[in-house]
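# Breakdown of the fold
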Amino acid sequence: MSGGLNFERPVIELKQKIAELKQFTKDKDIDLSGEIAKLEDRLEQLESDIYGNLKPWERVQIARHSERPTTLDYISHIFTDFLEMHGDRLYGDDEAIVAGIAKFHGQPVTVIGHQRGKDTKENLRRNFGMPHPEGYRKALRLMKQANKFNRPIICFIDTKGAYPGMAAEERGQSEAIARNLLEMAGLTVPIICIVIGEGGSGGALALGVGNHIHMLENSTYSVISPEGAAALLWKDASQAQRAAETMKITAPDLKDLDVIDEIIPEVKGGAHRDTAIQAKEIDRVLRQSFDELMKLSKEELVEQRYQKYKNIGQFTFVNDNIRTK
């Protein structure tokens, strides 16, 4: 756990102390099992206190962790026979989005997701997980193919947002995102979306119109980053922590607002602690969604998706005016 997040320092230091004590007992052949057991009990309590009461900004930090599992990590653990497809047939291939066909417990599916890198070289190649319009058009091409061959669609969401550069705007970034929203709303196959890291703005929404939307426990889903919101509200991006507290961007907040369907529990400390175990949790939730959605007809799938988005949020009537909560 070296190089952990700031709020994890007490856990890291205690783990190091336990490791040093175990090494000392081994080197000196001294029995300190009682002291070690006490420290391990203390560690367990400390982890429960810290990871069981995470603040929104701490969840943002975990969602952004450089070692957090990516779409390709989960594909390798959850699916078999994955065949990646490239290109939008209009301009080129965008490696910030991976897409292809695979099998999920024997069921042919289409898998699409944002893909960032784990190091500087890969991040540059994948544009830090911020897609260009050709990435969204590639995703839509695969979605239409899935619709034609009656394959369920699974989308993994993990992006700070769509790339805002001039070249992307010149090639129709806004139109590409809007087109995906429109087309996804009318697809007649099950669509399951899972937020696995950051879900930022329209860049996330372009893969997020689904029958079911799930979120990993320490992921975020928001219209703007905390830094961006702080810069707009208080003209000070350093107020990002304050913004995160008020924006309702964490999984528990979004579950309360009916934006998402289910919170997927994470490995203690974050998904990056054990990708294999985390993948099993995602697999479990996917199977539950499949069991429910595969029973619906094409017309029922479209209607269910429509009703889901129609009913998102909470509001009350005050003097015949709607006031959102």
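For the structure, see preceding data.
Residues numbered from 1 in each chain as written. Predicted model: local features only at pLDDT ≥ 70, side-chain atom pairs only at ≥ 80, totals over all residues. Heavy atoms only, no water.

### Description of the side chain of Glu-8
Checked against the element boundaries, Glu-8 lands in the segment before helix 1 (9–28). Judged by relative accessible area, Glu-8 falls into the buried class, the value being 0%. Among the polar contacts listed, one links the side chain of Glu-8 to the backbone nitrogen of Leu-5, at a separation of 2.9 Å. (Helix = DSSP H or I, 4+ residues; strand = E, 2+ residues; numbered from the N terminus. Buried < 20%, exposed > 50% of the residue type's maximum accessible area, 1.4 Å probe, protein only. Polar contact = N/O pair within 3.5 Å; in protein donor to acceptor, adjacent residues only side chain to side chain.)

### What about the pairing of strand 5 (residues 191–200)?
Residues in a regular strand project their side chains so that they alternate between the two faces of the sheet. Here strand 5 lies mainly inside the structure; 10 of its 10 residues are buried. When strand 4 (residues 153–159) meets strand 5, the two strands line up parallel, connected through 6 bridges. Note on strand 5: the bridge partner recorded for Phe-156 is Ile-194. Summarising the sheet, strand 5 and strand 6 (residues 212–216) pair through 4 bridges and their orientation is parallel. Note on strand 6: the bridge partner recorded for Val-195 is Met-215. Bridge analysis of strand 5 against strand 7 (residues 220–222) gives 3 bridges, and the strand direction is parallel. For Gly-199, the partnering residue across the bridge sits in strand 7 and is Tyr-221. (Pairing = 2+ DSSP bridges.)

### Topic: the nonpolar core
Formed by 32 residues in total, the largest nonpolar core has its most connected members in Ile-112, Met-143, Ile-153, Cys-155, Leu-207 and Tyr-221. Excluding residues that lie within four positions of it along the chain, Leu-207 makes contacts with Ile-97, Ile-112, Gly-113, His-114, Ala-139, Met-143, Cys-155, Phe-156, Ile-157, Asn-180, Met-184 and Cys-193. By size, the runner-up hydrophobic cluster in this structure holds 24 residues, among which are Ile-75, Ile-196, Ala-271 and Ala-279. (Core = buried A, V, L, I, M, F, W, Y, C linked by side-chain atoms within 4.5 Å. Contact = heavy atoms within 4.5 Å.)

### Points about the pairing of strand 2 (residues 97–104)
Counting buried residues along strand 2, 6 of its 8 residues qualify, which places the element largely inside the surrounding structure. Pairing analysis gives 4 bridges linking strand 1 (residues 80–85) to strand 2, with the strands arranged antiparallel. Bridge assignment links Leu-83 to a residue of strand 2, and that residue is Ile-101. Examined bridge by bridge, strand 2 and strand 3 (residues 107–114) share 8 bridges and lie antiparallel to one another. Paired with Ile-97 across the strands is His-114, a residue of strand 3.

### Some points on unusual backbone geometry
The phi dihedral of Asp-81 falls on the positive side, at around 55°, and the residue is not glycine. The residue Asp-81 is located in strand 1 in this model. The exposure class of Asp-81 is exposed, given its relative accessible area of 58%. Phi is positive for His-105, which is not a glycine, with a value near 50°. In this fold, His-105 is placed in the loop between strand 2 and strand 3.

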